[in-house]
Amino acid sequence: MNLFTTRLAAPALACAALLGSALPAQADMSFYSSQAAFNAAISAPVTDSFNDLFWAQGPNALYREPGGGYSYVVNALKFDGSDYSSFYNAGSDGDVWLSTDQATDVISFDFTGSDKVYGVGGFFFGTDMLGAFQPGQSIKLNALDADGVEQVVIIDNAQPGTFYGFASTSQIRYFEISAVQAAGGLTWVAANDLVLGSVAAVPEPSSSALLLGGLGLLAGAAHRRSAKSSSPKKPQN
């Protein structure tokens with residue numbers, strides 16, 4: 001490669017590197033065990049308290065609109081996903097928890113009908129057969145986003161006052177919670193105060209195009225300067 005070719009290649013490589021850094025990458029999903037940290041990672045949070053649920057044993061699916069333009073469907077599923085089960089109210093009249101009828105059931109939140117959910121969190125823990133908090137239990141959390149990025153977290157000794165959540169740079173499609181059944185006893189999973197949120201958007205394609213145009217001008221200017229400096233000097237008389 002001669003000097004002239006090298007001078008042309010350098011601005012082009014720099015341009016490509018900078019442009020690549022501006023384009024959207026694969027989604028990045030983060031797990032949070034602090035509500036303050038979760039709230040700092042999202043925007044426009046809305047909480048679904050479930051306090052409007054008045055039945056004891058309820059349906060197998062619920063459509064929810066907690067406000068702020070958010071909506072979702074939540075299903076009670078058999079542990080293997082083969083069929084629907086049913087919900088059960090836990091907690092108290094003043095603080096209702098969403099739980100399941102069978103201990104091995106899964107609570108599955110479906111956000112595929114919304115384009116706003118980039119963060120989901122809340123309070124997830126175990127209860128006994130009567131719907132009262134059961135200490136020392138483990139809860140499984142599973143989040144999946146639109147890019148296929150999935151995170152599974154097991155929470156040991158889950159507490160009603162401890163927040164857990166996920167935030168992604170891609171839309172979250174599904175979020176599931178279930179109880180890890182310990183030997184010698186049964187635990188029913190419960191959810192309270194589900195929080196949904198959005199996150200800051202990635203650069204738009206138009207922004208990348210503008211950046212490409214600007215870098216192209218810089219590369220062109222560097223080429224002209226390079227060509228000028230390599231031109232032979234006019235001999236002096």
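Given the structure is predicted, the values throughout are model-derived calculations rather than measurements.

Calculation notes
Residues numbered from 1 in each chain as written. Predicted model: local features only at pLDDT ≥ 70, side-chain atom pairs only at ≥ 80, totals over all residues. Heavy atoms only, no water. Helix = DSSP H or I, 4+ residues; strand = E, 2+ residues; numbered from the N terminus. Buried < 20%, exposed > 50% of the residue type's maximum accessible area, 1.4 Å probe, protein only. Contact = heavy atoms within 4.5 Å. Pairing = 2+ DSSP bridges. Axes fitted to C-alpha atoms, helices over the stretch in contact; angles between N-to-C directions.

> Please clarify how the overall build of the chain should be interpreted in this entry.
In terms of regular secondary structure, the chain is built from three helices and 13 strands. Going through the 237 residues of the chain one by one, you find that 40% of them count as buried. Put simply, 73% of the contacts in the chain that link residues at least 6 apart link residues at least 24 apart.

> Hey, could you run me through the environment of Val-46 in this one?
Among the secondary structure elements, Val-46 is positioned in strand β2 (residues 43–48). Between the alpha carbons of Val-46 and Gly-69 there is a distance of 9.3 Å; along the sequence they are 23 residues apart. Beyond its immediate chain neighbours, meaning those up to four positions away, Val-46 contacts Pro-66, Gly-67, Gly-68, Tyr-70, Leu-194, Val-195 and Leu-196.

> Got a minute to help me understand the sheet that holds strand β7 (residues 106–110) in this structure?
Read across the sheet, six strands follow the order β3-β4-β7-β12-β9-β10 without closing on themselves; strand pairing throughout is antiparallel. Strand pairing shows two members of the sheet lacking a second neighbour, β3 (61–67) and β10 (150–155), which therefore form its edges. The sheet shows a mean angle of 20° between the axes of neighbouring strands, taken without regard to direction. Pairing between strand β4 (residues 70–77) and β7: five bridges, direction antiparallel. Looking across to β7, one finds that Val-74 is bridged to Phe-109.

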